[in-house]
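# Structure at a glance
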Number of protein chains: 2
Amino acid sequence: MIKLVLSDIDGTITDSRRVLSSSASEQMRKVQDSGVIVSLVSGNVIPVMYTFRTYLGIKAPLFAENGGAMIEDNITQFFNMDRPMAFFRDLEKKGLVKGIMTNQWRLCSMGFEPVGPVEREIMQLSAQYNVEITNSGFSWHILNVGQNKGFALHYLMERYALRPEEVLVIGDNLNDIPMFIEGVRKAVPANAEEELKKRADYIARSGHGAGSAEILSSLESF
Amino acid sequence: MIKLVLSDIDGTITDSRRVLSSSASEQMRKVQDSGVIVSLVSGNVIPVMYTFRTYLGIKAPLFAENGGAMIEDNITQFFNMDRPMAFFRDLEKKGLVKGIMTNQWRLCSMGFEPVGPVEREIMQLSAQYNVEITNSGFSWHILNVGQNKGFALHYLMERYALRPEEVLVIGDNLNDIPMFIEGVRKAVPANAEEELKKRADYIARSGHGAGSAEILSSLESF
């Protein structure tokens, strides 16, 4: 029986333009009201997760910056800004990236937009700084090593003493793979990347938020 | 004909527990898609308004801190933090208030929770500091004089060259009164304070988000 649902936000409970899906958010609340722990993990920042917590009425802790920070009644920071900031400053100095608006609210990662076709160069440089680069499908992030959605999942499983088969994860993009771990149930909306579809127990008929609403409405089948 | 809708958030497009109303947010998007400018103004902070902008897909500028700051592709700050912070620090020193989580993201206002029945004492002290105190129904705020929802409304009317009768405002609480100005159309959900109902051109049959959805779905009648 599923006791925890951990879902991505962008592309998963939104539409393709990032607008929140009413059907997915209503199904999330129904699942929560039935006694299942519902949590979200995103590359976005703590105050954005504060907004989801407040305005979707989610009770469990939510994770920002790909798992690097957590909000419930208080904020917990699991990683720090030293390495992401050092790498970001170097990339900026080299003219390879521009910052993004949410950087002013970040605690342990930096977001960027590549200036031209420089992704490969950035990836190569990242090794020297011992940082990881991810792309949520909506923006690029510089993270500490080990700061990923799997970290958030392990935190929740330990906190609530859950076995893998009691957990359902939902995601659509490559940065969701670290939470697609052995033994947990995995579901994806139809727009998910092939790499995720290959690992999924269930692929929804619909894409984006409508697909996730479909998944959330048939939780007993997992 | 209504060309601009400016709405409050808490209690107006949410339910009584502050959870966003799907029907209100969907009607807002329909109104926006029909070519009407849709904007929101709240006592909450810029990154919360960033979240509404991104995840509700709203195109017009949105206003945080009761009109004190605005977000579109950039952030504009109309007031500063000097007086609100000085007053907050004094209240804190006197043991009359506790800060709130969103204060770390504020630019020109401070939120607080009164410690005990001290509202009248706070109101009296506020005059010395030349600040204003408001309550959104969900939290208390210290603001600069003139920093209110009417400021946001006047900004939008000037920017888009609108006459009062081309504007509809929607709100439910006392801090919405500054935007209930002469000549603009005014609508309230059924839960609105009496002071707002008295001023309203239309009182919805339903309360909260359902009432605002009702208002937004009959825009042609204003």
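Residues numbered from 1 in each chain as written. Chains lettered and ligands numbered in written order. Predicted model: local features only at pLDDT ≥ 70, side-chain atom pairs only at ≥ 80, totals over all residues. Heavy atoms only, no water.

## Description of the side chain of Ser 136 of chain B
All names here are of chain B. Along the chain, the position of Ser 136 falls in the loop between strand S8 (131–135) and strand S9 (140–144). A polar side-chain atom of Ser 136 sits 3.0 Å from the main-chain amide nitrogen of Phe 138. Ser 136 has contacts with Asp 10, His 141, Asn 173 and Asn 175, leaving out every residue within four places of it along the chain. (Helix = DSSP H or I, 4+ residues; strand = E, 2+ residues; numbered from the N terminus. Polar contact = N/O pair within 3.5 Å; in protein donor to acceptor, adjacent residues only side chain to side chain. Contact = heavy atoms within 4.5 Å.)

## Notes on the relation of the copies chain B and chain A
The transformation that overlays chain B on chain A combines an axial shift of 0.0 Å with a rotation of 180 degrees, and the residual RMSD is 0.0 Å. The transformation just described matches what one would write down for a two-fold rotation axis. Interface overlap between copies: 100% of the residues of chain B at the interface are likewise at the interface in chain A, consistent with a symmetric, same-surface contact. (Least-squares fit on C-alpha atoms with pLDDT ≥ 70 in both.)

## Details of the sheet that holds strand S4 (residues 69–71) of chain A
Residues and elements named next belong to chain A. Ordered by their spatial adjacency, three strands build an open sheet running S3-S4-S5, and the pairing between neighbours is antiparallel. In this open sheet, the two edge strands, each paired with only one partner strand, are strand S3 (62–64) and strand S5 (75–77). When the angles between neighbouring strand axes are averaged without regard to direction, this sheet yields 25 degrees. Pairing geometry for S4 and S5, over three bridges, is antiparallel. Each bridged residue has a counterpart across the sheet, and for Ile 71 the counterpart in S5 is Ile 75. (Pairing = 2+ DSSP bridges. Axes fitted to C-alpha atoms, helices over the stretch in contact; angles between N-to-C directions.)

## What about the interface of chain B and chain A?
Bring the parts together and some accessible area is lost; that lost area is often taken as the interface size. Taken together, the contact pairs 29 residues of chain B with 29 residues of chain A. Regarding the contact of chain B and chain A, the summed buried area is about 2,300 Å², with carbon and sulfur atoms giving 67% of it. Where chain B touches chain A, the interface holds zero salt bridges. Applying the counting criterion to the chain B and chain A interface returns nine residue pairs in polar contact (both at pLDDT 80 or more). At the level of secondary structure, the elements contributing two or more residues to the side of chain B that touches chain A comprise helix H1 (22–33) and helix H2 (46–56) of chain B. Per element, the largest residue contribution to the side of chain B that touches chain A is nine residues, and it comes from H2 of chain B. (Buried area = accessible area lost by both parts, 1.4 Å probe. Salt bridge = Lys/Arg side-chain N within 4 Å of Asp/Glu carboxyl O.)

## Considerations on the domain arrangement of chain A
All names here are of chain A. For chain A, the domain assignment lists domain 1 (4–78 + 147–221) and domain 2 (82–144). Domain 1 and domain 2 are separated by 24 Å when their C-alpha centres are compared. Taken together, the 19 residues of domain 1 in the interface contact 14 residues of domain 2. Taken over both partners, the interface formed by domain 1 and domain 2 buries close to 1,400 Å², and the fraction arising from carbon and sulfur atoms is 54%. Contact with domain 2 buries area across many residues of domain 1, yet Val 45, Glu 65 and Gln 147 alone supply 37% of it, more than any other trio. (Domains from an automatic or database assignment.)

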